[in-house]
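# Geometric and topological summary
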Amino acid sequence: MSTTAFPVNPELSAIAIGYKNRDVDLIADAVLPRIYKGAKKFAYTKYNQADAYTVPSTRVGRKSEPTMVDFGGTLINDECVDWGLDDLVPNDEVQAWEASMRPASGGPVSPLAKSTSLLTGLIQLDREIRVANTVFAAGTYPGSQQATLSGTGQWSDFVNSNPLDALLAALDVPLFRPNTIVLGQAVWTKLRQHPKMVQAALGNNAGAGSISRQALADLLEIRNVLIGAGFVNTARKGQTPTMSRVWGKHCSLLYVSPDAADADQPTFGFTAQFGERIAGSIDEPKAGLRGGVRVRVGESVKEIVAAADVGYFFQNAIA
């Protein structure tokens, strides 16, 4: 059995199976959209909520001046953080691939390309975890804009719970009505089969069946239905893998608008990004007998929750 990271054996079928999360399973970029910045350091203003909703006297006397108002705001300075990983590919493996396993002869992709792909997958997964841990955290939201479900109130109880009522009521709480629902895959599996959801969406009195994402969007009158389906291994390196969903058994309702963030308008959050994701190689002549190539992948980003008060959080939506 080969012990190399990129086993090359011309006598075997040239099939490479690289396990990583599919792009469609990762939703971080949709939950906290990327906004490109021209420098690593950036600033944004957080305005007082009351200023836009407290109406002073607007009547103006014949010779008086209009009422003077003052809009308070806090300038927040922040900086993108570098996130990156390296992998060392021995020259032996690169040379073996070049000699006999190029795609023209039916072989697998270059070991350098495969390394880049796997590193990119880990960088994306790490970002997914950061975003999930922020969005699915009670501490992110105001106390009046969250609910912890338990027992018969959890949506996995098909007899006693009423998720449609709970969701519709929650959508009315934030000052900006959420346009996005974020669900862990396990929550979506239960929610789409809940009899009350099926009855409302399909008019099915038996309550049997399931609803689509579009049906949920239509029921709630929202734009985006985002399902976090990614997996992460929570076991220590070298131990038997323990796969868990990145997005847990929770649900968030958010107002997400990258256009609003660029226009100084409230949006739940965004991701400041400096430059593009990088991928490159560095020669490592001291590695092994024939040297190697260090493959590097990384990006400079910072996830920001700019207006938590345009969101609502259901913790432990299912058992």
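First, a word on what this report is: a plain description of the structure on this page.

### Observations regarding the sheet that holds strand β1 (residues 34–37)
The strand order β1-β11-β12-β4 describes an open sheet built from four strands, whose pairing is mixed. With one partner strand each, in any of the chains shown, β1 and β4 (81–90) form the two edges of the open sheet. Here the strands of the sheet are splayed against their neighbours by 30° on average, with no regard to which way each runs. Each of β4 and β12 (292–305) touches helix α2 (residues 91–100); the most contacted strand, β4, lies at about 70° to it. Running at roughly 20° to β12, helix α3 (residues 111–135) makes contact with β1, β4, β11 (269–284) and β12 of the sheet.

### Here's the deal with the nonpolar core
In summary, soluble globular proteins display a tendency toward joint burial of nonpolar side chains. One finds Trp 155, Leu 167, Ile 181, Leu 183, Leu 216 and Phe 314 to be the most contacted residues of the largest nonpolar core, which totals 27 residues. In terms of nonpolar packing, the next biggest core, distinct from the first, is built from 22 residues, Val 31, Val 232, Ala 308 and Val 310 among them.

### As for the environment of Glu 79
Looking at the element boundaries, Glu 79 is found in strand β3 (residues 73–79). The spatial distance from the C-alpha of Glu 79 to the C-alpha of Ala 272 is 8.4 Å, given a sequence separation of 193 residues. Contact partners of Glu 79, with chain neighbours within four places excluded, come to Lys 40, Lys 41, Phe 42 and Lys 302.

### A short note on the pattern of salt bridges
One pass over the full model with this rule turns up 13 salt bridges. Lys 302 is paired through a salt bridge with Asp 78; the nearest N and O atoms lie 2.6 Å apart. A residue pair is termed long-range when its members are at least 10 positions apart, and Lys 302 in strand β12 and Asp 78 in strand β3 qualify at 224 residues. Note that Arg 294 is salt-bridged to Glu 284, the shortest N-O span being 2.6 Å.

### Some details on the sheet that holds strand β5 (residues 146–148)
Read from one edge of the open sheet, five strands run β5-β13-β10-β6-β7, paired in mixed fashion. In the strand order of this sheet, the two ends are held by β5 and β7 (224–228), each with one partner. Each neighbouring strand pair of the sheet contributes to a mean axis angle of 10°, computed without reference to strand direction. Relative to strand β13 (residues 311–315), strand β10 (residues 251–254) is paired through four bridges, and the arrangement is antiparallel. Of the residues in β13, the one forming a bridge with Ser 252 is Phe 313.

### Concerning α2
Among the residues of α2, those classed as buried are Asn 91, Glu 93, Val 94 and Trp 97. End-on view of α2: buried residues confined to an arc of 165°, all on one side of the axis. Among the structural elements, β4, α3 and β12 are those in contact with the buried residues of α2.

### Focus on the packing of aromatic side chains
What the rule picks out here adds up to nine aromatic pairs. Measuring from ring centre to ring centre gives 5.4 Å for Phe 176 and Tyr 255, while their planes differ by 65°; the resulting arrangement is edge-to-face. With Phe 176 in the loop between α4 (163–171) and β6 (180–184) and Tyr 255 in the loop between β10 and α8 (258–262), this pair connects stretches of sequence that are 79 residues apart. For Phe 176, a relative accessible area of 25% corresponds to the partly exposed category. Residue Tyr 255 is classed as partly exposed on the basis of its relative accessible area, which comes to 21%.

### Some details on unusual backbone geometry
A positive phi angle is found at Glu 221, which is not glycine, with a value near 55°. Mapped onto the elements of the fold, Glu 221 is located in the loop between α7 (213–220) and β7. With a relative accessible area of 64%, Glu 221 lands in the exposed category. Not every positive phi belongs to a glycine, and Asn 316 is a case in point at roughly 55°. Looking at where Asn 316 falls in the secondary structure, it is placed in the segment after β13. Overall, the relative accessible area of 30% leaves Asn 316 in the partly exposed class.

### Thoughts on α7
If you check which residues of α7 are buried, you get Ala 215, Leu 216, Ala 217 and Leu 220. Elements that come into contact with the buried residues of α7 comprise α4, β6, α5 (185–191), α6 (195–202) and β7.

### Here's the deal with the environment of Lys 190
For Lys 190, the location among the structural elements is in helix α5. A relative accessible area of 35% places Lys 190 in the partly exposed class. Through-space distance from the C-alpha of Lys 190 to that of Trp 155 is 7.0 Å; in sequence the pair is 35 residues apart. The residues touching Lys 190, leaving out its near neighbours within four places in the chain, are Ser 156, Phe 158 and Ile 318.

Calculation notes
- Residues numbered from 1 in each chain as written.
- Predicted model: local features only at pLDDT ≥ 70, side-chain atom pairs only at ≥ 80, totals over all residues.
- Heavy atoms only, no water.
- Pairing = 2+ DSSP bridges.
- Helix = DSSP H or I, 4+ residues; strand = E, 2+ residues; numbered from the N terminus.
- Axes fitted to C-alpha atoms, helices over the stretch in contact; angles between N-to-C directions.
- Contact = heavy atoms within 4.5 Å.
- Core = buried A, V, L, I, M, F, W, Y, C linked by side-chain atoms within 4.5 Å.
- Buried < 20%, exposed > 50% of the residue type's maximum accessible area, 1.4 Å probe, protein only.
- Salt bridge = Lys/Arg side-chain N within 4 Å of Asp/Glu carboxyl O.
- Arc of directions from axis to C-beta.
- Phe/Tyr/Trp six-rings, centres within 6.5 Å; stacked < 30°, edge-to-face > 60°.

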